Amino acid sequence: MSTVTQLTYEEAVARFEPVIGLETHVELGTNTKMFCGCPTTFGAEPNTQVCPVCLGLPGALPVANRAAIEATIRIGLALNCSIAPWGRFARKNYFYPDMPKNFQISQYDEPLCVDGYLDVELDGELVRIGIERVHLEEDTGKTLHVGGATGRIHGATESLVDYNRAGIPLVEIVTRPVPGTGARAPEIARAYVTELRDVIRTLDVSDVRMEQGSLRCDVNTSLNRTGEAWGTRTETKNVNSLRSVERAVRSEIIRQAGVLESGGKIIQETRHFHEETGDTTSGRSKETATDYRYFPEPDLVPLAPPAEWVAELKAALPELPRVRRARLQADWAFSDLDMQSVVNAGAVELISATVEAGATAASARKWWLGELARRANETETELDALGVTPAAVAELQSLVDSGKINDKLARVVLEGVIAGEGTPAQVVAARGLEVVSDEGALTAAVDEAIAANPDIAAKVRDGKVAAAGALVGAVMKATGGKADAKTVRELIIARLTA
Ligand SMILES: [Zn+2]
């Protein structure tokens, strides 16, 4: 392996064309599991949400959860899929300790939703991602390896299994292969997962939290030279944030290009993404469908959603994110470029909520894409995890608009809000940040500044009004930035030219 050529990303995408594909698992937010009545609360004591059905005890029979089927059909409809009028669940057989039945109930050749698409916007350009299938299955339990340094099985002294998650309804959304994205493949992969997450969030069928695992993503990547057939793909598992989706595709493109450039071959395998290093390592060689010995699940009746029900669900779909964005852009009177930057920053909902809280769209955009984006960037946090609510931003702007604070003070107030000191008004009061608007106090500060800078004052008296800037600066300094600069300037000119 030491002979592998190291290429930069730019070299890799100049020599090879990537084809990507995404498989996304979404844990549905139903109250009960897929085939039994066990609750699905996240974070409960291990093995307290289990029963004979989800533990696979002999004689226990599954019954399909109607709410989960409805949610899956709604996802399929939102992704422009056809809904199968008839289909069966299938048994996927494999042995793994976190799967107590030794098979998983899934859907194989008769998925509930097929043949759709999702339009994804990247820098104003529309990319249509084909959706091959959307099917419903049950989640597995969780294995915890303890006693080792890494939390992985190697070096662990024991392994514990928690079956609370076993049997939670899981929807798998599989794209068709996406060729032709070139150097933008990593960004398009990220944009797709972002849009999919927003669609599912809008449908209110899952909380789609990547960090909690209710939205999980596997990324397929292959490379080929121009004009040649698609290459062998690898599947990168455990990609747990939007940023990681982008990084995983990028690092896999660089790695595969290096192997191919050195005359090597890509092996079809699963790979694991590592958050800390941003690269992938080899997992297991990929099983093929025949290894799972699928067969129709004999304990469940076939699924046959009536056409009228599907039509009702379709008619009741909410406004989807892309349509909503277009409407908001018109409401807010943003240019395409302004709206793109809002979308790229993931700030659509934050700005919408800030406007609902009373701010103008322009001022909401200014804060979220300016000062707040800068802080999020500095601390590598997402905007919505900064600790500043849309209501606080609206309040901050109204304090500026009413002249209580100026822009400079507003940044200090924001610091206080982020530090958990309360609402903007509370921070202003506690830190004594209100603008000095009392003319008496300002006049005294102005007189002091004039007395301390006789040369500059003389210039202003001689008609060189531009020189007043230095005096304004002196007053601002003396008042700790809490004076209104415009008022100070007016006072100085009035004083010296009267
Ligand atoms: Zn159960």
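Keep in mind that what you see is a predicted model, and the values were worked out from it rather than measured.

What counts, and where the lines are drawn
- Residues numbered from 1 in each chain as written.
- Predicted model: local features only at pLDDT ≥ 70, side-chain atom pairs only at ≥ 80, totals over all residues.
- Heavy atoms only, no water.
- Helix = DSSP H or I, 4+ residues; strand = E, 2+ residues; numbered from the N terminus.
- Rg over C-alpha atoms; globule rule 2.2 N^0.38 Å.
- Buried < 20%, exposed > 50% of the residue type's maximum accessible area, 1.4 Å probe, protein only.
- Areas by Shrake-Rupley, 256 points an atom, 1.4 Å probe, with all protein chains shown as cover.
- Phe/Tyr/Trp six-rings, centres within 6.5 Å; stacked < 30°, edge-to-face > 60°.
- Donors = N, O, S within 2.8 Å, 3.2 Å for Na, K, Ca; no water.
- Tetrahedral: all angles 85-135°; square planar, octahedral: opposite > 155°, others 65-115°.
- Axes fitted to C-alpha atoms, helices over the stretch in contact; angles between N-to-C directions.
- Parallel < 35°, antiparallel > 145°, perpendicular 65-115°, else oblique.
- Left-handed = near helix turned anticlockwise from the far one by under 90°.
- Contact = heavy atoms within 4.5 Å.
- Nonpolar A, V, L, I, M, F, W, Y, C, P; charged D, E, K, R; others polar.
- Core = buried A, V, L, I, M, F, W, Y, C linked by side-chain atoms within 4.5 Å.
- Salt bridge = Lys/Arg side-chain N within 4 Å of Asp/Glu carboxyl O.
- Arc of directions from axis to C-beta.
- 1 Å grid on protein atoms, 1.4 Å probe; cavity = no way out; pocket = protein on both sides within 12 Å on 5 of 7 lines; lining within 4 Å.
- Points joined across faces, edges and corners; volume = space filled by probe spheres on them.
- Polar contact = N/O pair within 3.5 Å; in protein donor to acceptor, adjacent residues only side chain to side chain.
- Pairing = 2+ DSSP bridges.

**Structural notes on the overall build of the protein chain**
Here is step 1: Per the secondary structure count, the protein chain includes 17 helices and 14 strands.
Here is step 2: Taken against the 2.2 N^0.38 rule, which gives 23 Å for 498 residues, the C-alpha radius of gyration of the protein chain at 30 Å runs more than 25% over that of a compact globule.
Here is step 3: With the C-alpha coordinates of the protein chain rotated into their principal frame, the extents come out at 95 × 55 × 50 Å.
Here is step 4: By residue count, 46% of the 498 residues in the protein chain fall in the buried class.
Here is step 5: Surface summary for the protein chain: the accessible area is close to 24400 Å², and the carbon and sulfur share equals 52%.

**Side note on the packing of aromatic side chains**
Here is step 1: Scanning the model with the defined rule gives five aromatic pairs in all.
Here is step 2: With centroids separated by 5.6 Å and ring planes inclined at 65°, the aromatic side chains of tyrosine 94 and tyrosine 292 adopt a geometry described as edge-to-face. Separated by 198 residues along the polypeptide, tyrosine 94 in the loop between β3 (90-93) and β4 (103-106) and tyrosine 292 in the loop between β13 (280-285) and β14 (295-296) bring together distant segments of the chain.
Here is step 3: Looking at tyrosine 94, the relative accessible area reads 25%, which means it is partly exposed.
Here is step 4: Given a relative accessible area of 14%, tyrosine 292 falls into the buried group.
Here is step 5: Note on tryptophan 332 and phenylalanine 334: the rings are 5.4 Å apart at their centroids and 55° apart in plane angle, and the pair reads as tilted.
Here is step 6: Its relative accessible area of 9% is what places tryptophan 332 among the buried residues.
Here is step 7: According to the relative accessible area criterion, phenylalanine 334 is buried, its value standing at 10%.
Here is step 8: Ring-pair connections join several aromatic residues into one group, and the members of that group are Tyr94, Tyr108, Tyr292 and Tyr294.

**A look at the coordination of the zinc ion**
Here is step 1: Note on the zinc ion: its protein donors are Cys36 (SG), Cys38 (SG), Cys51 (SG) and Cys54 (SG). The metal-donor distances range over 2.3 to 2.4 Å.
Here is step 2: Classification of the site at the zinc ion as tetrahedral follows from its four donor atoms and the range of 100 to 116° in their angles at the metal.
Here is step 3: The sequence motif formed by the donor residues of the zinc ion is C-x1-C-x12-C-x2-C. As far as burial versus exposure is concerned, cysteine 51 and cysteine 54 are alike and both buried.

**Some words on the packing of helix α11 (residues 390-401) against helix α12 (residues 407-418)**
The geometry of a pair of packed helices is captured by two quantities: the angle between their axes and the separation between those axes.
Here is step 1: At a minimum axis separation of 10 Å, α11 and α12 run at an interaxial angle of 150°. Relative to α12, the element α11 lies roughly antiparallel. Note on packing geometry: the crossing formed by α11 with α12 is right-handed. Here Ala392, Leu396 and Val400 of α11 come into contact with α12, specifically with Asp407, Ala410, Val413, Leu414 and Val417.
Here is step 2: Class assignment of the residues belonging to the contact of α11 with α12 gives a composition of seven nonpolar, no polar and one charged.

**Brief notes about the nonpolar core**
Here is step 1: Ranked by size, the top nonpolar core spans 72 residues in total, and within it Ile73, Ile75, Leu79, Val134, Ile173, Tyr192 and Val193 carry the most contacts.
Here is step 2: Ala364, Leu372, Ala376 and Ile405 belong to the second-largest nonpolar core, a separate cluster that totals 33 residues.

**A few points about the pattern of salt bridges**
Here is step 1: In the structure shown here, the tally under the stated rule is 37 salt bridges.
Here is step 2: Across the salt bridge formed by glutamate 275 and arginine 247, the nearest N and O atoms sit 3.7 Å from each other. With a gap of 28 residues between them, glutamate 275 in the loop between β12 (269-273) and β13 and arginine 247 in helix α4 (residues 242-261) connect regions that are remote in the sequence.
Here is step 3: We classify glutamate 275 as partly exposed; its relative accessible area is 37%.
Here is step 4: The partner of arginine 271 in a salt bridge is glutamate 269, and the shortest N-O contact between them spans 2.6 Å.

**Remarks on helix α13 (residues 424-431)**
Here is step 1: What α13 keeps buried is the set Pro424, Val427 and Val428. Projected onto a plane normal to the axis of α13, the buried residues spread over an arc of 100° and lie on a single side. Opposite the packed face of α13, turned more than 90 degrees from it, sit the exposed residues Ala429 and Ala430.
Here is step 2: The inward-facing, buried residues of α13 contact α11 and α12.
Here is step 3: Backbone geometry just downstream of α13 places glycine 432 in the positive-phi region, at approximately 60°.

**Things to note about the layout of surface pockets**
Here is step 1: Approximately 1700 Å³ is the volume found for the second largest pocket.
Here is step 2: Lining the second largest pocket are 43 residues, and of these Arg190, Leu242, Ala345, Gly346 and Glu382 sit closest to its centre.
Here is step 3: Of all the secondary structure elements, the ones that give two or more residues to the lining of the second largest pocket are β5 (113-122), α3 (185-203), α4, α6 (321-332), α7 (336-344), α8 (348-356) and α10 (371-378).
Here is step 4: Among the elements that line the lining of the second largest pocket, the one with the most residues is α3, at nine residues.
Here is step 5: In terms of residue class, the lining of the second largest pocket is built from 15 nonpolar, eight polar and 20 charged.

**Comments concerning the packing of α10 against α12**
Here is step 1: In the contact formed by α10 and α12, the axes pass within 11 Å of each other and the chain directions differ by 50°. Put simply, α10 runs oblique to α12. At the point where α10 passes α12, the crossing takes the right-handed sense. Across the interface between the two elements, Glu371, Leu372 and Arg375 from α10 touch Arg411, Leu414, Glu415 and Ile418 from α12.
Here is step 2: Its residues assigned to classes, the contact of α10 with α12 comprises three nonpolar, no polar and four charged.

**Details of the side chain of asparagine 93**
Here is step 1: Checked against the element boundaries, asparagine 93 lands in strand β3.
Here is step 2: Among the residues examined, asparagine 93 registers a relative accessible area of 11% and is labelled buried.
Here is step 3: Side-chain polar atoms of asparagine 93 contact the backbone oxygen of arginine 293, separated by 2.7 Å.
Here is step 4: Those residues in contact with asparagine 93, other than ones at most four positions away along the chain, are Asn102, Phe103, Asp291, Tyr292, Arg293 and Phe295.

**Considerations on the sheet that holds β14**
Here is step 1: Pairing in this open sheet of three strands is antiparallel, and the strands run β4-β3-β14 from one edge to the other. Taken across any chain shown, the strands that pair with only one partner, and hence form the sheet edges, are β4 and β14.
Here is step 2: When β3 meets β14, the two strands line up antiparallel, connected through two bridges. Among the inter-strand pairings, arginine 91 is bridged to a residue of β14, identified as phenylalanine 295.

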